[in-house]
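Residue-level structure breakdown
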Amino acid sequence: MIKLENVQKKYQDGYVALKEVNLECNSGEITVFIGPSGCGKTTTMKLINRLIQPSAGKVYVNGKDVSHIDPVELRRGIGYVIQSVGLFPHMNIANNIAVVPRLLNWEEERIAKRVDELLSVVGLDPETYRSRYPSELSGGQQQRVGVARALAAEPSVILMDEPFSALDPISREQLQDELIRLQKDIKKTIIFVTHDMDEALKIADKIVLMKDGAVVQQGTPEEILRHPANDFVKEFIGAKRLKQVQEIPTAEEVMIRKAVTAYPTRGLAASIKIMESRKVDSLIVVNENDKLLGYITIYDVLNQFKDENKRVGDIVKPFTHTVMPNTLLTQVIDIVDEYKLAYVPVVSENNTLLGLVTRGSLVGHMSDIYPSNGIGV
Amino acid sequence: MTGNIFSEILNYLQNNWSTLLLLTVEHIGMVICGLLLALIVGIPFGILAARSEKAGSVILALANVIQVFPSLALLALLMVFFGIGFTSVVIGLFLYSLLPIIRNTYVGLKEVDKSITEAGKGVGMTAFQLLVKVQIPLALSFILSGIRIAAIIAIGVATLAPFIGGEGLGKEIYSGINLRDPVKIYVSAVLAALIAILADFLLGKAQKRARVD
C-alpha cells in the first residue's frame, strides 16, 4: 500500500506544486491520478520513488517511510514507465529489459530467462525482438518493452507516468486492454498518471482527481461518475459521460409507488376482495410501519381458503429478491430476467416498501423514453 | 620539369625514407601524448561542466582562452617555463586539444535526451552508473568528434615543434625552408597532411560507429 500524509511541495522560487495531499493507494489495485496539466499529478507520483522530495509530510510505501530508504534502492524496487518510453537507445531490447536485474546482480542465466518470459507477457516474440534496437520498433512496441522493463525485477509497485499518451489511438487501446488483462494475473500496486478521463475510467480501480496541487476527489470510477464532488469534477468528467450514467434510470424512477398491500392480520376472504377490486393476482404484505414482510398470491389464498382461522400472515412468503431505489434499471432488468420474476419490490435500507418494479412499469417507462410518434396502432 | 620533380621526389624518398619514417613516428608520438593528456584531463572537466552550470561556464571560458592563443606564441611561452624539447611540445599540444574535447564532452552529455536520463534514474541507477552505462555511451559520438578535431589541430600545431626544439615532420619542413629545397618541403608537408587526413578518416569512422539513433 502507498500512503501520502499531509504532503506538500514548495519550490525555492515560491511555487507551490502540492498544497496538502493525503491519499492512499491500495495494494494490487490500479490507482489513477488525473487532472489538468500542472495539477501536480506527476509531482505526486514522483514523490513515491523519490525523484522529487516533499517539502513537508510523509510518503509510505508498503508501510515504510520512503525518506528513510536509500533512493537508489527504493527505485530498484519500484517499476517505472514514462510517457516518452525512455528506452536506452544504445542497448538492444534484451539489455533494456535486463537493466534493473543487472543492477541487482542477478545471474545472467536467470536474466535471459526473465527477459524472454517478459517479452512474451507483453506480446512480443522473444526470438524476433530480443536483439533488436529500440529505434527499430514502433511506438507501441517500444512502450511494451517499457512495461516489460518496469516488470523485470518483480517490483510490487509500478509507477506509470502517462505511459500511453504519446501512442496512436489503436495502440493505446490495445495497451490499455493488455494492462487490464496483465493486472489480473500480476496484481501489482499500480499508480497510473493520465489526463485522459476515458483511460482513467477504463483501467482505474480508484481515481484520484487533482487540481492546483490538491486532491479534489478520490473514489472508484463509479463513485466519481455518480457523485461528482463539485462543478470542476463535473466539468472534467464531461457532460457526455455524466449523461451516459444519468441516462440509465434507477429503480425509483421506474417503480410504481402505489403497490397493493395487505397487513398480515387481514383475513383471507378480505384479501380476495382486495385482489378483485384492484385487479391483481397477488398482494404485498407489509406491517403497519410499511416494512416489507413478503407476498401472497391468489393461488395460495384459494388453497388455504377453507381454513377460516388462517390470516394473511400465516401464508405469506418472503421475497427472494428486492432492489434499492438507486439500483440501476439495467441491474433490475437483469434480476427480473434471470429469476423470471413478475415484479420486484423496491425497499429502502431499513426494509420499508417504497414501490414495485413490475413488467408493466418497465414497459411504461420504455414507452416514455422511446415515444412511438404515432407509428403503429 | 614536372616529371623531373617526381623523379626527384622518388629519389629523395629512396634516400631518406628511414629519417622520414622516424620523423613521422615522432610526430605521431607527440600528438598521441598530447591527445591522451587532453583526454585524461578534458573528459572529467567536460563531465563537470555538464553537471554544473557554474563550473561549466568557467571551464569553457578558460578552455576558450587557451584556444585563441596564437600557437607559436603559446609554444614560445611554454618553452620559457618548461625548457626546449619534447615536454613543452606535448604540453602545447595538450592545451590545444583541451577545448574541443571538453566542449564536445559537455555538449554530448547535454544532448542526451532528458527522458532517457530520467528513466535511468527512475530504474535505480546511481549517478555513476548513469554516467558510465547511459550518458557516456550516448555522448560517445560527440566525444569522438571532439577527439577528431583535436587530433587534426594537434597534427598541425606539431609541425611548429622544431621552433622550440621538438622533433617531428616540422623539422624537415623547416630545414626545407632554410635550404630552399622544394622537394624536402613537398614531401614533409604532404606527409604531415596525410597523417591529418588519415586521423580524420579513422576517427570519423569510429565516430560513425559510436552514433546511436
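Here the residue numbering is sequential within each chain, running from 1 through the sequence in written order. Whichever chain is written first is A, and whichever ligand is written first is 1; the rest continue in order. Only residues with pLDDT of 70 or above have their local features reported here, since the model is predicted, and side-chain atom pairs are shown and tallied only from 80 upward, although totals for entire chains, interfaces and linings are computed over all residues.

Where an unreviewed UniProt entry is consulted, chain B appears under the name Putative choline transport system permease protein opuBB, with the organism given as Aneurinibacillus aneurinilyticus ATCC 12856. According to the UniProt record, the Sequence similarities (unreviewed entry) comment for chain B is "Belongs to the binding-protein-dependent transport system permease family." UniProt positions are given in the numbering used here, feature names are shortened, and annotations may be inferred rather than shown by experiment.

An unreviewed UniProt entry annotates chain A as Quaternary amine transport ATP-binding protein of Aneurinibacillus aneurinilyticus ATCC 12856. What UniProt states about chain A under its Sequence similarities (unreviewed entry) heading is, verbatim, "Belongs to the ABC transporter superfamily." Listed under Catalytic activity (unreviewed entry) in UniProt, the entry text for chain A is "a quaternary ammonium(out) + ATP + H2O = a quaternary ammonium(in) + ADP + phosphate + H(+)".

A word on the environment of Gly122(B)
The numbering of helices and of strands both runs from the N terminus, where a helix is a DSSP run of H or I of at least 4 residues and a strand a run of E of at least 2. Residue position: Gly122(B) is located in helix H5 (residues 114–122). Distance from Gly122(B) to His27(B), taken between C-alpha atoms, is 48 Å for residues 95 residues apart in sequence.

A short note on the interface of chain B and chain A
Our contact criterion uses C-beta atoms placed from the backbone: two residues qualify when those atoms are within 7 Å. Of the residues lining the interface, 15 residues belong to chain B; the matching set on chain A comes to 16 residues. With six residues, the top contributor of residues to the side of chain B that touches chain A is H5(B). As a working rule, the residues Ala, Val, Leu, Ile, Met, Phe, Trp, Tyr, Cys and Pro are called nonpolar, Asp, Glu, Lys and Arg charged, and the rest polar, with Gly in that last group. Looking at side-chain class alone, the side of chain B that touches chain A contains eight nonpolar, four polar and three charged residues.

Quick notes on unusual backbone geometry
Glycine aside, a negative phi is what most residues show, and trans is what most peptide bonds show. Residue Glu154(A) is not a glycine yet carries a positive backbone phi of 50°. Residue placement: Glu154(A) occurs in the loop between helix H7 (139–151) and strand S7 (157–161). In the Ramachandran plot, Arg180(B) falls in the positive-phi region, its phi being about 50° despite a non-glycine side chain. You can see Arg180(B) is positioned in the loop between helix H7 (169–179) and helix H8 (182–210). Buried, partly exposed and exposed are defined by the number of other C-beta atoms within 10 Å of a residue's own C-beta, namely 20 or more, between the two limits, and 12 or fewer respectively, with C-beta atoms placed from the backbone. Residue Arg180(B) is classed as exposed on the basis of its C-beta count, with 8 C-beta atoms lying within 10 Å.

Notes on the UniProt feature "transmembrane region" (unreviewed entry) in chain B
Listed under "transmembrane region" (unreviewed entry) in the UniProt record, and renumbered for this structure, are residues 20–43, 55–73, 79–99, 138–165 and 185–203 of chain B. Note that residues 55–73 of chain B is 89% helix and 0% strand, and that its end C-alpha atoms are spaced 28 Å apart.

Structural notes on the UniProt feature "domain: CBS" (unreviewed entry) in chain A
Here, UniProt's "domain: CBS" (unreviewed entry) annotation points to residues 255–311 and 316–372 of chain A. What you have in residues 255–311 of chain A is 32% helix and 23% strand, and the ends, taken at the C-alpha atoms, are 28 Å apart.

Some points on the sheet that holds strand S5 (residues 64–65) of chain A
All names here are of chain A. Should DSSP find at least two bridges between two strands, the strands are taken to pair. With antiparallel pairing, four strands are arranged side by side in an open sheet as S2-S1-S4-S5. The open sheet has two free edges, formed respectively by strand S2 (16–25) and S5, since each of these has just one partner strand. Pairing between strand S1 (residues 2–10) and strand S4 (residues 56–61): five bridges, direction antiparallel. Along S4, the bridge assignment pairs Lys 3 with Tyr 60.

Details of the packing of helix H2 (residues 53–68) of chain B against helix H4 (residues 86–111) of chain B
Relative placement of two packed helices is described by the angle separating their axes and the distance separating the axes. Residues and elements named next belong to chain B. Running from amino to carboxyl end, H2 crosses H4 at an angle of 145°, the nearest separation of the two axes being 8 Å. As H2 packs across H4, the resulting crossing turns out to be left-handed. Mapping the contact onto sequence places Gly 56, Ile 59, Leu 60, Ala 63, Asn 64, Ile 66 and Gln 67 in H2 and Leu 95, Leu 98, Leu 99, Ile 102, Arg 103 and Tyr 106 in H4. Residues of the contact of H2 with H4, tallied by class, amount to nine nonpolar, three polar and one charged. Fitted lines through C-alpha atoms serve as axes, helices being fitted only where they are in contact, and the angles separating the N-to-C directions of these axes extend from 0 to 180 degrees. Left-handed describes a crossing whose near helix is turned anticlockwise from the far helix by less than a right angle; the clockwise case is right-handed.

Describing the pairing of S1(A)
Residues and elements named next belong to chain A. Pairing of S1 with S2 involves six bridges; the strand directions are antiparallel. Bridging from a neighbouring strand, Val 7 pairs with Val 21 of S2. The hairpin formed by S1 and S2 contains five residues between the paired strands, and Gly 14 there has a positive phi angle of roughly 90°.

Some details on H5(B)
Residues of H5(B) that are buried include every one of Ile116(B), Ala119(B), Gly120(B), Lys121(B) and Gly122(B), and no others. Those residues of H5(B) that are buried are in contact with helix H2 (71–76) and strand S6 (78–82) of chain A together with helix H6 (127–157) of chain B.

A word on the domain arrangement of chain A
All domain edges in this entry derive from an automatic or database-based domain assignment. Each domain of chain A was delimited in the assignment, giving domain 1 (2–247) and domain 2 (252–369). Taken over C-alpha atoms, the centre of domain 1 of chain A sits 50 Å from the centre of domain 2 of chain A.

A short note on the environment of Ile52(A)
Residue and element names in this part refer to chain A. Note on placement: Ile 52 falls in the loop between helix H1 (41–48) and S4. For Ile 52, a count of 17 C-beta atoms within 10 Å puts it in the partly exposed group. Leaving out residues up to four positions away in the same chain, Ile 52 has contacts with Lys 9, Thr 43, Lys 46 and Leu 47.

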